[in-house]
Amino acid sequence: MKKAISIMLASVTGVLALSGCAAPAAAPAAEPAAEVAEAEAPAEAEAEAPAEAEAAEAAASEITDEPVTLTFWVNDGSTQWMECWGTVAEDYMALHPNVTIEVVGIPWDSSATKFNTAAATDTLPDLAHLAAQNLSPMMAMDKVVNLQPYLDEYENKDDLSSAHLAYFQNIDPSKEGLWMAPMFGSDKQMWYRKDWFEEAGIEFPKTWDEFFETVTAMTNDEHAGYSFRGGPGGWDLLFDFLYAYTDSETMFDENGKSLFNKPEALEGFKKFAAMYWNKEVPDTALANGYTEMIAEFAAGNAAMAWHHLQSETLITDKLDVEKLGYGWIPTNSAGRRIKKADAQGVVMFTACDEAKRDVAWDYIKFLWTPEEQKKIILIGGGVPTNIKTDVSDMPFVNEALKQAADPATTGISYPEYLPDWTSFATEDCQADFQAVLLQEMTPEEALEKWASTLDAMQAEWLADNQ
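Residues numbered from 1 in each chain as written. Predicted model: local features only at pLDDT ≥ 70, side-chain atom pairs only at ≥ 80, totals over all residues. Heavy atoms only, no water.

K.L.:
I keep staring at the packing of aromatic side chains and nothing clicks. Help me out?
P.N.:
Each pair of aromatic rings is reported with the distance of its centres and the angle of its planes. Under the defined criterion, the tally for this structure stands at 48 aromatic pairs. Residues Y150 and W361 carry aromatic rings whose centres are separated by 5.2 Å and whose planes lie at 35° to one another, so their mutual orientation is tilted. Pair noted here: Y150 is in helix α6 (residues 148-152) and W361 is in helix α14 (residues 354-367), with a separation of 211 residues, a long-range link. Here Y150 matches W361 in class, with each residue buried. The residue whose ring lies beneath R193 is W196, and the NZ or CZ to ring-centre distance is 4.1 Å. (Phe/Tyr/Trp six-rings, centres within 6.5 Å; stacked < 30°, edge-to-face > 60°. Helix = DSSP H or I, 4+ residues; strand = E, 2+ residues; numbered from the N terminus. Buried < 20%, exposed > 50% of the residue type's maximum accessible area, 1.4 Å probe, protein only. Lys NZ or Arg CZ within 6 Å of the ring centre and 35° of its normal.)

So this is what it looks like as structure tokens:
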């Protein structure tokens, strides 16, 4: 029985310590065995279809004999992600007529507040696609179900990227367990207009120094050199860059001092902000979040954009793929490619009744099947968690895998285990970043403030967890 999915856009009032986590680094594209079998013996495949349908019906009856409704929040309620999670929910409900999955979209800019408010008022959903930066506050309030016991019994766990699993097993060093079911790696790269670079006779930059020179060279009266993110989430790319520029694998050194204390951080911050000051970015850059940043690039208003694979469909909907280039993140002065490497996934909240958790876990396992993984990354983007997913026809995904496996690449993650990290980064640092761009605050003032705050946060966390 095909069931209509309930898709709602919620209105809101108010508002990673591993290397190579964003991709299964040594995982080549798997041969799609099912497709091969079908090509060699279509008659047998057709004969097996009724048996498979009967097995699916039997499996559905084993999960639940009673009607079950699961509420699933999407922390980015954009058209892209509502289509993604809506599609796979429809697939599951088609197999399990007794299960209803209500997919609810939360506007990205207010998602942190929405989840925090729901946690405080005991109104969280059963499941959610949740940003990693919003997971730690939920864990601090004991609102997240530990999925490790379920994973231990999962017969196909060896098909899952160990790096993706490790990201959510280590997101808080003080707590053992699996705190989110990873679905895909969020691997960043540089999108660039390959056709423009070829016309200008310019090679894609291999180092950060070359990157800034290229931004200047590709800026002209027709377009900017770089699509800058100064609005929501702008702090994230700045932090990514400062990790790389200061050659830091972790936020804190052995003395508990953050990388913002390093003199290279000030030098790097000034170079990064200078792109805005020198008008080498679109006029809308100060307010641009990720969708606006990518829209500027796709519309031909900038030569480069720094974002992850989830923006591929947003770009290729507007731009001929033949004009689109994929560039690896530049290396720093030490020859290292330091980049944030994280995963995204599905969290099960304690709000999910014990009686429904087996159904919720079954849905998570369904999302891990190669077929559903392929749908998730085709619509949403990313590197699939199931390493048996066929990505042979996805060149940008394959390039991301190569970048992750390159010896010069080192993955880093933010100290998201700190209870106040999310508010510190998304509110304080974002506001300060914009103030620096507007020259209402100096880079020195911002870095001194961030270093002082973060060093104190780390010291407090260590005192509480040693």
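K.L.:
Is there a simple way to explain the packing of helix α9 (residues 208-217) against helix α11 (residues 263-277) in this structure?
P.N.:
Helix-helix packing is described using two parameters, namely the angle between the two axes and the distance between the axes. Running from amino to carboxyl end, α9 crosses α11 at an angle of 10°, the nearest separation of the two axes being 11 Å. The angle between α9 and α11 places the two elements in the roughly parallel class. Across from D209, F211, F212 and V215 in α9, the residues of α11 making contact are K271, F272 and M275. Residue composition of the contact of α9 with α11, by class: 5 nonpolar, no polar and 2 charged. (Axes fitted to C-alpha atoms, helices over the stretch in contact; angles between N-to-C directions. Parallel < 35°, antiparallel > 145°, perpendicular 65-115°, else oblique. Contact = heavy atoms within 4.5 Å. Nonpolar A, V, L, I, M, F, W, Y, C, P; charged D, E, K, R; others polar.)

K.L.:
What am I meant to see in the side chain of T313 here?
P.N.:
Within the secondary structure layout, T313 lies in helix α13 (residues 312-316). The exposure class assigned to T313 is buried, which follows from its relative accessible area of 19%. Non-local contacts of T313, meaning those with residues more than four positions away in its chain, are made with Q80, L378 and I379.

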